[in-house]
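Now for the letters of each chain:
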Amino acid sequence: MKMNKLPLKYITKNPIFAIIFVVIVSVCVLYEEMTPPQEIQGKILKVYDGDTITILNNDNEKLRIRLFGLDAPESNQSFGNISTQNLQVLCPVDTLANIKIKDKDKYGRIVGIVFCNGVNANANQVKNGFAWAYSEYAYRYIPLEILARIQKKGLWSEPNPVKPSDFRKNEKGKK
């Protein structure tokens with residue numbers, strides 16, 4: 001389900017709105033957690049970029065997993081390689097990953113929350129400034145993005161970081 005774009009720049013500059021927004025999102029996330037998701041496990045085979053991995057599940061099937069709720073910079077974009085490297089550190093090859101399945105995307109990939117060594121890789125990518133919260137599809141990680149912006153972590157240390165979705169549109173326009 002695609003959501004309306006939020007004025008995050010406004011929220012990050014107004015602390016009262018940021019606090020109210022974080023509380024509302026937290027309540028929504030708690031409500032969402034009341035429904036147990038389907039879960040799978042698998043060994044990490046490859047980290048493609050900052051928001052996509054491949055696992056080998058218990059049935060020896062290779063499954064491509066898109067990290068839910070975030071959009072990482074493209075490989076040829078500023079912070080793209082750093083985002084990938086951070087996910088590789090969080091979820092090294094041959095590590096066992098637990099995935100809470102949220103959906104499937106238009107490419108047939110499983111979209112889920114990935115846990116490696118007990119760490120929520122999705123949240124970590126956003127919290128440390130290696131990915132945007134994908135506000136068009138979920139609100140879950142927006143509070144973490146707001147904190148990363150305020151603290152100027154990762155890609156937020158740049159004056160005008162470009163959202164991956166905007167970067168992809170610009171790249172298509174060049175072809």
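Everything here concerns the structure above.
What you see is a predicted model; the values in this text were computed from it and never measured.

### Considerations on the overall build of the protein chain
Along the protein chain, the regular secondary structure elements total six helices and eight strands. Helices (α) and strands (β) of the protein chain occur, in sequence order from the N terminus, as α-α-β-β-β-β-α-β-β-β-α-β-α-α. Counting every position in the protein chain, which comprises 175 residues, the buried fraction comes to 46%. Put simply, of all contacts in the protein chain between residues at least 6 apart along the chain, 60% involve residues at least 24 apart. Total accessible area on the protein chain is roughly 10,000 Å²; 56% of this is exposed by carbon and sulfur atoms.

### Section: the pairing of strand E3 (residues 62-67)
Two elements, strand E2 (residues 52-57) and E3, share five bridges in a ladder whose sense is antiparallel. Following the sheet pairing, Thr 54 is matched in E3 by Arg 64. Hairpin remark: E2 followed by E3, antiparallel, with four residues in the connecting loop; positive phi at Asn 60, about 60°. Examined bridge by bridge, E3 and strand E6 (residues 110-116) share three bridges and lie parallel to one another. Bridge pairing in E6 places Leu 67 opposite Gly 112.

### Some words on helix H3 (residues 80-90)
For H3, every residue scored as buried is listed here: Gly 80, Ser 83, Thr 84, Asn 86, Leu 87 and Leu 90. All buried residues of H3 fall inside an arc of 160° around its axis, so they share one side. On its buried face, H3 sits against strand E1 (38-49), E2, E3, E6, strand E7 (119-120) and helix H4 (121-127).

### Things to note about the nonpolar core
Counting residues in each nonpolar core, the largest one holds 31 residues, and the members touching the most others are Ile 65 and Val 114. Sorting the residues of this core by element identifies E1, E2, E3, H3, strand E5 (96-104), E6, H4 and helix H5 (142-151) as the ones contributing at least two each. At five residues, E6 tops the list of elements feeding residues into this core. Beyond its immediate chain neighbours, meaning those up to four positions away, Val 114 contacts Ile 53, Ile 65, Leu 67, Cys 91, Ala 97, Asn 98, Ile 99, Val 119, Asn 120, Ala 121 and Asn 122.

### Some remarks on the packing of aromatic side chains
Following the criterion strictly, the structure yields one aromatic pair and no others. Aromatic side chains Trp 132 and Trp 156 sit 5.2 Å apart centroid to centroid with 65° between the ring planes, which places their arrangement in the edge-to-face category. Placement of Trp 132 in strand E8 (residues 132-133) and of Trp 156 in the loop between H5 and helix H6 (164-174) is noted, with a sequence separation of 24 residues between them. Trp 156 shares its class with Trp 132; the two are buried. Positioned above the aromatic ring of Tyr 48, the side-chain terminus of Arg 64 is 3.8 Å from the ring centre. Stacked on the ring of Phe 68, the Lys or Arg Lys 102 has its end atom at 5.3 Å from the ring centre.

Parameters at a glance
- Residues numbered from 1 in each chain as written.
- Predicted model: local features only at pLDDT ≥ 70, side-chain atom pairs only at ≥ 80, totals over all residues.
- Heavy atoms only, no water.
- Helix = DSSP H or I, 4+ residues; strand = E, 2+ residues; numbered from the N terminus.
- Buried < 20%, exposed > 50% of the residue type's maximum accessible area, 1.4 Å probe, protein only.
- Contact = heavy atoms within 4.5 Å.
- Areas by Shrake-Rupley, 256 points an atom, 1.4 Å probe, with all protein chains shown as cover.
- Pairing = 2+ DSSP bridges.
- Arc of directions from axis to C-beta.
- Core = buried A, V, L, I, M, F, W, Y, C linked by side-chain atoms within 4.5 Å.
- Phe/Tyr/Trp six-rings, centres within 6.5 Å; stacked < 30°, edge-to-face > 60°.
- Lys NZ or Arg CZ within 6 Å of the ring centre and 35° of its normal.

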